[in-house]
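Structural features, examined
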Amino acid sequence: MSVDWSWIGDHTDELTSLTLSHLQAALSAVFFGVLISLPLAVIAHRFRPLRGFLLGISNVLFTIPSIAIFVLLLPVSGLTRTTTVIGLTVYTLVVLLRNTVEGLDSVPAKTKEAAKAMGTRPLRTLLTVEFPLALPVIMAGVRIATVMSISLVSVATYIGDGGLGQLFTDGFQRNFPTPVIVGVVLTILLAVVADALLVALQYVLTPWRRRRA
Amino acid sequence: MNRRTVLGGLFAAASVPALSACASGVTSLDGSGSASGGGGSSKGGVTIGTANFTENQVLGYLYAAALKQAGVKVTVRPNLGTREIVIPALKSGDIDLLPEYQGALLNYLDPKATAAEEGAMQNALTLALPKGLQILPYGAAEDSDAFVVTRETAKKYGLTSLADLKKQNGKLVLGAAPEVKKRRVGAVGLKDVYGVDLKEFKSLDSDGPLVKGALKKGDVDVANLFTTDTDIEANDWVVLADPANLIPSQHIVPLIADRKADDTVRKALARLGNVLTTAQLTELNRLVDKDKKDPEEVADDYAKRHGLAE
Amino acid sequence: MYELLKNLGTWLTSGASWSGSDGITHRLAEHLQYSLLATLIAAAIGLPIGLLIGHTGKGAFLAINLSSFGRALPTVGLVVLVFLAGGLSMLPVYVALVALAVPAIVTNTYAGMTAVDPDVRDAARGQGMRGHQVLFQVELPLALPLIMTGLRLALIQVVATATIAAYVSFGGLGRYVFDGLAQRDLVQVLGGAVLVAVVAVALDLLLSGLQRLLFRHRTA
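Residues numbered from 1 in each chain as written. Chains lettered and ligands numbered in written order. Predicted model: local features only at pLDDT ≥ 70, side-chain atom pairs only at ≥ 80, totals over all residues.

Here's the deal with the overall build of chain A
Selection criterion: Secondary structure is summarised from DSSP: a helix means a run of H or I of at least four residues, a strand means a run of E of at least two, and numbering begins at the N terminus for each. Residue burial here comes from a neighbour count, namely the number of other C-beta atoms, placed from the backbone, that lie within 10 Å of the residue's own C-beta, with 20 or more meaning buried, 12 or fewer meaning exposed, and in between meaning partly exposed. This entry defines residue contacts through backbone-placed C-beta atoms, with two residues in contact when those atoms are within 7 Å.
Each helix and strand in chain A was counted, giving nine helices and zero strands. C-alpha atoms of chain A, sized along the principal axes, occupy 70 × 45 × 25 Å. The buried share of chain A, taken over its 213 residues, is 48%. Relative to all contacts within chain A whose residues are 6 or more apart in sequence, the contacts with residues 24 or more apart total 73%.

Here it is as C-alpha cells:
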C-alpha cells in the first residue's frame, strides 16, 4: 500500500475545497449545537426535575447510529448540506449540554448571591457572572464536540456529502489507498488545528484565568 | 448556514410538487419520449447527480462536458447513492439530471412492465415517469446487468445460463448490492422467471470491491456485475446467458427534470448519445478503475477527442 | 410519520422479521458479538496504559493528547484503509471500533487515577506498601468509578458505530440501516436505529447496575 504522491499534487484544488466543506459542516454543527444547548442547559440547571429528562434525551440520541439519522432525515431535508448539519448537531448535544450544565453548577452559590445583593438582575447575572465563570467547562465541551464532529462528517458520504469522507468512498470503490490516506490525515490535521484555535480562543475569552495557568 | 436557509430549504422542497404540476401541462409524448417545447430552462445551471458506481460518475462527467460545450453552467454531485436515493432527490430538486439505464429505470418505475426492445422501452418509460421528470433520447452505448460465476463454479455445477441455476436450488449464494434483493433484475426475477431458490442473498455493492472480492474468494457463487466491467474478462469469469430475457435492454438514457429540459440540453446530450459506444464507455471505466484517472479528466478528454468540447 | 411508526410496529412484532439468517435475533447476536469483543480488546489496551500513566505520572501529556486526537480518527476512513490493506475480513471493523474505544478508556482511567487523593497514596506508601500494592489495593479501587464511566462511554460509542460492519458486507444491526438506505426502506432503517439505541441503553444500564453492585460490596 503505497502513496501516489503525484495524485496528491494533481488534486490540491479538490483537496482544499473538500477540506473547507468538511470544516464548514463540522463548525456549523457545533455552532447550532451551542445555540440549542445553552438555553436547554439553563433550563436543566434551574429546574432540577427537567435535568434528568433533558440529559437523558441527549444521551439516547447519541446512541442512534449517525448513518441512520442521515437516512431518516432524507424525506425532510433531502440530499443536502442541511441534512448533514442537522445530523451532526444532534451528536454535539450530548457533550455540549452536559458540560454547560456542569459548568453552571460549578459557579459558587456565594458569587451568585453577591451579584443578587448588588441588585443585578437574574438575566444579567446569567450573562455576566454565571456564563463567564462556567466558560472553561463549556469550552472543554465545545472542544470535544468540535473534534467529534470533524471525525463524524465523513459518515455523510453515504448520502453524497461528507467533505473529506468522499475520498474514502472513492478510494474504496477503486481500490485506491492514496485518497483514503490523505482523507484520514487531513481529518486529523483539521481536528488538531481546530482544537488549538479553540484553546487560543478560550485564552482570549478568560483573561482572569491566565495568572493561574 | 443559518436558520433562514434551513427554513428556506424546507419551503423549497414543499413547493416543488406545485411547480411540477404546472409544468406537466406542457409535457407531451412523441416517439423519442422527450417532451417537445416545455417550460424548462437550463439558464440557471444544471446539477448532475450520479449513482454510487464508477461508470455512472464517468457518464455524469460526460454529460457535464457536453453541456459545458453548449454553454450551460453545470455542477456535478458524484456518488450520491442508489437509484432508490437519487430519483427522489431528482424529484425534490436537489439535482436536475441523472445518467440512467433504460431497463433498470423502467423496472424501478413500473416493475410489471414487459417492454424489452429499446423503442418500446422508451415509450413505456415516458408513460411510467412521474410528473415533472422526463427522459431524453437514448444513447448508443449500453451497459447491462450480468449474473456472473467463476470458471470453476460454472464447471462444477454445469452452469451456462440462468436457467441452469434452478438445478442447484438451495445451494447457491447470490452477491449483489442491497437493493438488488428486492429488484426484478435480481433475486425477485430469478425466482419468478427462472424458478431459482437461493441459499442466501448477500448484500454487497454495485459492481464494486465487495462483490468482486467475494466472488474471487468464493464467498458468493453468483455475482451481479455490469457488462462494461473489464474485470469479467480479466478474471475469465462466465456471464450466464439469459434465454428468457429477464435482463432488459440497457441503453444509457438521460433522466431530467422538466424544469431544466430545454433545447440546448436536449441537443447537447443527443450529440453525446450518438457518439459514445459501449466499447468506448468500457474503456473509460477501465481508465478510472484501473489507471486511477479522475472520472472528470477521463470524460473531458473523451469529449475533446470527439469534438464534444474544446 | 404515523404511517412510518405503524409499519415499524408491524416490523418489530412480526415473527418473520425475527427469524432466519437476516432475522433480528441473528443480527442482534452479531451486533453484540462485534461490540463486546471490540470493547474488551480496547479495555485490554486502554486500561493498562491509563493505569500506568496515572500511577507513574510519566507520559501523561503524550497519552492524553494522542487520545484526544484518536477521537478525530474518521471511522469510515479507517475501515476503508484497513480493508484496502488487508482485504475483506472483520479486521477493518475491529480495528476501527477498538480505535474508537481506546481514547475514552485511557482518558477516563487516567482521570480516575489523578483524582486519587495524594495524601491517601502517601499514607499507603508510608505503611510500607510497594508500588504495585499501592496501584492495585489503593489507587485502582478509588479510581474505579471513573474507569467504569470510561468503559460505559466506550461501549455506547462502539455499539452505535458497529453498524459500520454492514458497510463492508458483514452483519449486525447495521445491515438494516445500510440495506434500508439502498432500498430506501425507511422502516428498516428506523427499526435498525431503534434496536441499536435499545441495545446501547440496555448495556449501559446493565453496566451502571454492575457498578452500583461493586460499590455496595466495597463499602460493606
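Moving on, there is more to tell.
Some thoughts on the overall build of chain B
In terms of helices and strands, chain B carries twelve helices and ten strands. Across the 310 residues in chain B, those meeting the buried criterion constitute 53%. Sequence separation of at least 24 residues holds for 77% of the intrachain contacts in chain B that already meet a minimum separation of 6.

Regarding the packing of helix 2 (residues 12–46) of chain A against helix 3 (residues 48–62) of chain A
Residue and element names in this part refer to chain A. Note the following rule: Angles run from 0 to 180 degrees between N-to-C directions of axes, and those axes are lines fitted to C-alpha atoms, restricted for helices to the stretch in contact. Oblique is the label for any angle not covered by the other classes, which are roughly parallel (under 35 degrees), roughly antiparallel (over 145) and roughly perpendicular (65 to 115). When residues are sorted by character, Ala, Val, Leu, Ile, Met, Phe, Trp, Tyr, Cys and Pro go into the nonpolar class, Asp, Glu, Lys and Arg into the charged class, and all the rest, Gly among them, into the polar class.
With their axes 6 Å apart at the nearest point, helix 2 and helix 3 run at an angle of 140° to one another. Judged on the interaxial angle alone, helix 3 and helix 2 are oblique. Contacts between helix 2 and helix 3 pair L40, I43 and A44 from the former with L50, R51, L54 and L55 from the latter. Considered class by class, the residues forming the contact of helix 2 with helix 3 number six nonpolar, no polar and one charged.

So, the interface of chain A and chain C
It is common to give the size of an interface as the accessible area that goes away when the parts come together. Each side of the interface is counted separately: chain A has 32 residues, and chain C has 30 residues. At nine residues, helix 9 (residues 177–205) of chain A tops the list of elements feeding residues into the side of chain A that touches chain C. Partitioning the side of chain A that touches chain C into residue classes produces 23 nonpolar, nine polar and no charged.

Things to note about the pairing of strand 8 (residues 222–226) of chain B
Residues and elements named next belong to chain B. To keep things clear, this is the line we draw: Two strands pair under a simple rule: DSSP has to find at least two bridges between them.
Burial within strand 8 is extensive, with five of its five residues counted as buried. Along strand 8, one buried face is formed by V222, N224 and F226 and the opposite face, lined by A223 and L225, is buried too. Bridge analysis of strand 5 (residues 145–149) against strand 8 gives four bridges, and the strand direction is antiparallel. Bridge assignment links F147 to a residue of strand 8, and that residue is N224. Bridge count for strand 6 (residues 173–176) against strand 8 is two bridges, and the pairing is parallel. Within the sheet, the bridge partner assigned to L174 lies in strand 8 and is V222.

Overview of the domain arrangement of chain B
Residues and elements named next belong to chain B. Here is the rule: Domain segmentation is taken from an automatic or database assignment of domains.
Structurally, chain B comprises domain 1 (3–142 + 250–305) and domain 2 (145–239). Within the residue set of the side of domain 1 that touches domain 2, elements represented by two or more residues are helix 4 (102–109) and helix 11 (278–289). Considering every element that reaches the side of domain 1 that touches domain 2, the biggest residue donor is helix 11, with five residues. Looking at the side of domain 1 that touches domain 2 residue by residue, the class counts come to four nonpolar, six polar and three charged.

Description of helix 1 (residues 2–13) of chain C
Our working definition: What a helix should span is 1.5 Å times the count of its residues minus one.
Helix length check: helix 1 of chain C (twelve residues) gives 17 Å between terminal C-alpha atoms against 16 Å at 1.5 Å per residue, within 8%. Within helix 1 of chain C, only zero of the twelve residues are buried, leaving the element largely exposed.

Considering the sheet that holds strand 8 of chain B
All names here are of chain B. With mixed pairing, the five strands of this open sheet are ordered in space as 7-6-8-5-9. Each of the sheet's edge strands pairs with one partner strand only, and the pair in question is strand 7 (200–203) and strand 9 (238–239). Taken together, the two bridges between strand 5 and strand 9 define a ladder with antiparallel strand orientation. Among the inter-strand pairings, V148 is bridged to a residue of strand 9, identified as V239.

Here we look at the interface of chain B and chain A
Contacts between chain B and chain A engage 18 residues on the former and 18 residues on the latter. Put simply, the parts of the chain that give the side of chain B that touches chain A at least two residues each are helix 1 (3–23), strand 2 (74–81), helix 3 (83–92) and helix 11 of chain B. For the side of chain B that touches chain A, the leading source of residues is strand 2 of chain B, giving four residues. Grouping the amino acids of the side of chain B that touches chain A by side-chain chemistry returns eight nonpolar, six polar and four charged.

Quick look at unusual backbone geometry
A positive phi is found at N175 of chain A, a non-glycine position, where the angle reads about 55°. Considering the arrangement of structural elements, one finds N175 of chain A in the loop between helix 8 (165–174) and helix 9. Taking the number of C-beta atoms within 10 Å as the measure of exposure, N175 of chain A has 15 and is therefore partly exposed. A positive phi angle, near 80°, is found at S169 of chain C, a position not held by glycine.

As for the confidence of the model for chain A
Short version of the rule: Confidence of the prediction at every residue is given by pLDDT, a number between 0 and 100.
When pLDDT is averaged across chain A, the result is 92; 99% of the residues are at 70 or more. Helix 2 of chain A holds the highest mean pLDDT among the elements of chain A, 96, whereas helix 6 (residues 109–117) of chain A holds the lowest, 89.

As for the packing of helix 4 (residues 75–86) of chain C against helix 5 (residues 91–114) of chain C
Residue and element names in this part refer to chain C. What counts is decided by this rule: Left-handed is the label given to a crossing in which the near helix is rotated counterclockwise from the far helix by less than a right angle, and right-handed is the label when the rotation is clockwise.
Here helix 4 crosses helix 5 at 145°, and the two axes come no closer than 8 Å. Relative to helix 5, the crossing made by helix 4 is right-handed. From helix 4, T75, L78, V79, V82, F83 and G86 reach across to helix 5, where they touch L91, P92, V93, V95, A96, A99 and L100. Of the residues in the contact of helix 4 with helix 5, the class split is eleven nonpolar, two polar and no charged.

A short note on helix 7 (residues 184–194) of chain B
All names here are of chain B. Heads up, the rule is: Arc definition: it is the arc formed by the directions from the helix axis to the C-beta atoms.
Here helix 7 has its buried residues at R184, V185, G186, G189 and L190. Buried residues of helix 7, viewed axially, fall in a sector of 145°; they line one side. In this structure, the buried residues of helix 7 make contact with helix 4, strand 5, strand 6 and strand 8. Once helix 7 finishes, G195 follows within two positions and takes phi at roughly 65°, a positive value.

Some details on the nonpolar core
Under the convention used in this document: Take the buried Ala, Val, Leu, Ile, Met, Phe, Trp, Tyr and Cys residues, join any whose C-beta atoms are within 7 Å, and the set you get is a nonpolar core.
If you look at the biggest cluster of nonpolar residues, it comprises 210 residues, and the most contacted ones within it are L62 of chain B together with V79 and A101 of chain C. Two domains each provide a minimum of three residues to this core, namely domain 1 (3–142 + 250–305) and domain 2 (145–239) of chain B. Those residues in contact with V79 of chain C that lie beyond four places of it in its chain are P92, V93, A96, I164, Y167 and V168 of chain C.

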